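Notes for the structure review
Here's the letter readout for the chains.
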Amino acid sequence: MSVFFLTLLLLFPALFPGVFTCCRQVSEEIPKGILQRVEWFEIQKADGLCNLEAVILHIEDKKFCVSPHIKRVKKWMKKMKHKIHRRKHHFRQQ
């Protein structure tokens, strides 16, 4: 019986990847130079597995969750939508 639960625990992230990639909180402020270093970004909607709106900024091997309501972020996203790779969060496609 415990082998079953151990196997399920190990398979859970593979079966439900969105559970571990949702932003659970967002920053309401963003350092000035961080937007210049963003390699790509994602939009997290407050639906499905994630219950919080967020912009996920990917810089090197890190991700930063920021509020989509920050004026600077809104302006940056509008300006960069054709210059930077933008992806919608993968688990909304389920």
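Residues numbered from 1 in each chain as written. Predicted model: local features only at pLDDT ≥ 70, side-chain atom pairs only at ≥ 80, totals over all residues. Heavy atoms only, no water.

The protein carries the name CCL28 protein in an unreviewed UniProt entry, which gives Scytalopus superciliaris as its organism.

**Here we look at the overall build of the protein**
The helix and strand inventory of the protein stands at 2 helices and 4 strands. Listing the helices and strands of the protein from first to last along the sequence gives α-β-β-β-α-β. Residues counted as buried form 32% of the 94 residues belonging to the protein. Counting contacts in the protein only where the partners sit at least 6 residues apart, residues at least 24 apart contribute 57% of the total. (Helix = DSSP H or I, 4+ residues; strand = E, 2+ residues; numbered from the N terminus. Buried < 20%, exposed > 50% of the residue type's maximum accessible area, 1.4 Å probe, protein only. Contact = heavy atoms within 4.5 Å.)

**What to know about the pairing of strand E1 (residues 40-44)**
Of all 5 residues in E1, 4 are buried; the element is thus mostly enclosed. Where E1 meets strand E2 (residues 54-59), 5 bridges bridge the pair, whose relative direction is antiparallel. Bridge pairing in E2 places Ile43 opposite Val55. (Pairing = 2+ DSSP bridges.)

**Description of the nonpolar core**
Ile30, Phe41, Val55, Leu57 and Trp76 are the most contacted members of the largest nonpolar core, which totals 15 residues. Residue assignment for this core shows that the elements contributing at least two residues are E1, E2 and helix H2 (71-80). No other element matches the 4 residues that H2 contributes to this core. Non-local contacts of Ile30, meaning those with residues more than four positions away in its chain, are made with Leu35, Leu57, Val66, Ile70, Arg72 and Val73. (Core = buried A, V, L, I, M, F, W, Y, C linked by side-chain atoms within 4.5 Å.)

**Some points on unusual backbone geometry**
Despite not being glycine, Glu60 shows a phi value in the positive range, around 55°. Assignment of secondary structure puts Glu60 in the loop between E2 and strand E3 (62-66).

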